[in-house]
Amino acid sequence: MYINLKEATEKAERLNCTIGAFNAHNLEMLPSMIDAAKEAGSPIIIQTSVDTAKYIGYKTLVTVTKSIANSEMVDVVLHLDHAKDFNDIKNAIDAGYSSVMFDGSSLPLKENIMKTKAVVDYAHKRGTSVEAELGIIGGTEEGITIDGSEVKYTDPYDAKYFAEATNVDALAVAIGTNHGQFKSKTNVNIPLLAEINEIVETPLVVHGGTGVKEEDVPELIDNGIRKFNVGTELLVTWTETAKKYFGETKVNKSLRHNIIPCNEAVKNIVAHKINLFMNKERVKI
Ligand SMILES: [Zn+2]
């Protein structure tokens, strides 16, 4: 089924698990990603940046995702990641994305609330979920780098005020993770997350999940993380595999000889992460 983010996080809340949100950078990798979710029996969030959505086409992404979700009977959310422009968000919602993120994290709190509210009003009327962000997450996203001095951890009381004022469906928090981090692992600020989760009802989201230590995942789940973003690891793996195969294969051999191994490599990572995120051994039924 093609579902929205609210439906996915409600399920995660019930099962005390988190839902993996994986960035698709091209259409090729999409069926393999959903296949991994199907085999695990888990919902999946497929997310794209605005630039990837423009490259593939919003409508094409919706059509393909819906078609696979329905024919394979997997719960899939299609989510627009880090949109800052209302027009991009409208394009995604109008094309049928089931979830969007408005990233007003660089704005003053009041302006972030006002703009997020406008997105929520537009989206909720159309059955689309909204994620927003409070605090400033470090690292590099779509070529824009936030260095250490600009990082701002999420303030728990601001988060509570923001979530209640905007009625967002999910809130991304800055707790020490970094976009694009893949050569090292970060120290997530779990006490801060616990503090936020204590007073904020809204499901919480971690960005920069590639840089999170796997042993920290259960604690993140226990402290309200219901959407777990993983992008860089997929991108790096797809590209490394493509370099290897494209480098070795004769130029007149079908492209599938090069691309299938890339998709398989991505599928293996998605499968591994979903297994962690399902939190199976510890699940409360
Ligand atoms: Zn992000």
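Residues numbered from 1 in each chain as written. Predicted model: local features only at pLDDT ≥ 70, side-chain atom pairs only at ≥ 80, totals over all residues. Heavy atoms only, no water.

Draft legend 1. Looking closely at the coordination of the zinc ion. Within the protein, the atoms that donate to the zinc ion are His82 (NE2), His179 (NE2) and His207 (ND1), at distances of 1.9 to 2.1 Å. One chain supplies every donor for the zinc ion, spaced along it as H-x96-H-x27-H. Here histidine 82, found in strand E3 (residues 76-83), pairs with histidine 179, found in strand E9 (residues 178-179); they are 97 residues apart in sequence, far enough to count as distant. Judged on exposure class, the residue histidine 82 and its partner histidine 179 are both buried. (Donors = N, O, S within 2.8 Å, 3.2 Å for Na, K, Ca; no water. Helix = DSSP H or I, 4+ residues; strand = E, 2+ residues; numbered from the N terminus. Buried < 20%, exposed > 50% of the residue type's maximum accessible area, 1.4 Å probe, protein only.)

Draft legend 2. Highlighting unusual backbone geometry. A positive phi angle, close to 55°, is found at methionine 73, a residue other than glycine. Of note, methionine 73 is situated in the loop between helix H4 (58-72) and E3. Residues other than glycine seldom take positive phi values, yet asparagine 167 does so here, at roughly 60°. Mapped onto the secondary structure, asparagine 167 falls in the loop between helix H7 (156-166) and strand E8 (170-173).

Draft legend 3. Expanded view of the sheet that holds strand E4 (residues 99-102). An order of E1-E2-E3-E4-E5-E8-E10-E11 is seen for the eight strands of this closed barrel, with the pairing classed as parallel. Going from strand to strand, the sheet's axes swing by 25° on average, the running direction of each strand aside. Two strands pair when backbone bridges link them, and E4 and strand E5 (residues 129-134) are joined in this way by four bridges, in the parallel orientation. Bridging across to E5, valine 100 finds its partner in valine 130. Strands in contact with helix H5 (residues 86-95) are E3 and E4; relative to E4, the strand with the most contacts, it is inclined by about 175°. (Pairing = 2+ DSSP bridges. Axes fitted to C-alpha atoms, helices over the stretch in contact; angles between N-to-C directions. Contact = heavy atoms within 4.5 Å.)

Draft legend 4. Up close: the packing of helix H2 (residues 30-40) against helix H11 (residues 256-278). Interaxial distance between H2 and H11 falls to 8 Å at its minimum, and their mutual angle equals 40°. Viewed along their axes, H2 and H11 form a crossing whose handedness is right-handed. From H2, Ser32, Met33, Asp35, Ala36, Ala37, Glu39 and Ala40 reach across to H11, where they touch Asn263, Val266, Lys267, Val270, Ala271, Ile274 and Met278. (Left-handed = near helix turned anticlockwise from the far one by under 90°.)

It is worth stressing that arrangement in space is one thing and function is another; only the former is reported here.
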